[in-house]
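Letter by letter, the chains look like this.
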Amino acid sequence: MSKTNNVLLGFPTSPFCGRVKLALAEKGVAYEEREEDLFGGKSELLLKSNPIHQKVPVFLHDGKPLLESSIIVSYLDEVFPSNPLLPTCAYERAQARFWTDFIDKKVFETMRGIWLSKGGEEQEVAKKDFIEILKQLEEALGEKDFFGGDSFGYVDVIAIPLTTWFLACEKFGGFKVEDHCPKITAWIKRCFQRPTVVKSLPHPENVYQFTTQFRQMHGL
């Protein structure tokens, strides 16, 4: 399929855009990526495609806009059925969607409380909450290589881009994820052995530099 049929409006360090890029890579789908200037002026295409939230990612498939990263990944899995990400079992699909909802509601906002904090008690609470969330994800992972079992799947695509922000949390929060959640750390290393993951996601140092600049913009 021609790249012109598939356009991703994104931002380099966004973990949510990373989800879509990773899903497209796993599916082997060609696309055109257009970087948005989220601070200097969003494009007319973005504002037109996502008038409610005016956020990335937006994926345009044959000119039709799709919004919200987890919804886009699910759509891609349905429209491009080769190398399926979601399990074939209905119960396992429901479980995957449960953990996607959990991750969407918990992880990024809790991380914000760490890297966008001035420190003190507020940051300590965020760190404690973050580690507890990761421990719950460790329980879901269990002894499996990936959240879906032996193969890299939907929940892995949803979760792994968020881990590129862990370094920033560690540096600003003064802790190491590995000290608290070794299974999650081992899972991250397994995921980053996949060329699609390395190709699709930003380096954690680049994310750390972005968060440093973002903090400076907000006087932190």
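Residues numbered from 1 in each chain as written. Predicted model: local features only at pLDDT ≥ 70, side-chain atom pairs only at ≥ 80, totals over all residues. Heavy atoms only, no water.

(A) Representation of the layout of surface pockets. Roughly 860 Å³ of volume is contained in the largest pocket. Looking at the largest pocket, it is lined by 26 residues, and the ones nearest its centre are Ser-14, Phe-16, Lys-55, Val-56 and Phe-108. Among the elements of the structure, helix H1 (15-27), helix H3 (69-79), helix H4 (90-115) and helix H11 (204-217) are those that each provide at least two residues to the lining of the largest pocket. Here the lining of the largest pocket takes five residues from H4, the largest share from any one element. Across the lining of the largest pocket, the residue classes break down as 12 nonpolar, seven polar and seven charged. Here the lining of the largest pocket gathers at least three residues from each of two domains, domain 1 (6-79) and domain 2 (90-218). Computed from the structure, the second largest pocket encloses a volume of approximately 400 Å³. Lining the second largest pocket are 21 residues, and of these Leu-85, Pro-87, Glu-92, Phe-147 and Gly-148 lie nearest its centre. Mapped by element, the contributors of at least two residues to the lining of the second largest pocket are H4 and helix H6 (154-159). Broken down by element, the residue count for the lining of the second largest pocket peaks at four residues, all from H4. Counted by class, the lining of the second largest pocket contains 11 nonpolar, six polar and four charged residues. (1 Å grid on protein atoms, 1.4 Å probe; cavity = no way out; pocket = protein on both sides within 12 Å on 5 of 7 lines; lining within 4 Å. Points joined across faces, edges and corners; volume = space filled by probe spheres on them. Helix = DSSP H or I, 4+ residues; strand = E, 2+ residues; numbered from the N terminus. Nonpolar A, V, L, I, M, F, W, Y, C, P; charged D, E, K, R; others polar. Domains from an automatic or database assignment.)

(B) Broad picture of the domain arrangement of the protein chain. Assigned domains within the protein chain: domain 1 (6-79) and domain 2 (90-218). Here the C-alpha centroids of domain 1 and domain 2 sit 21 Å apart. Contact with domain 1, which involves 16 residues of that partner, is made by 24 residues of domain 2. For the pairing of domain 1 and domain 2, the buried interface totals around 1,700 Å² over both sides, and the portion due to carbon and sulfur atoms is 69%. (Contact = heavy atoms within 4.5 Å. Buried area = accessible area lost by both parts, 1.4 Å probe.)

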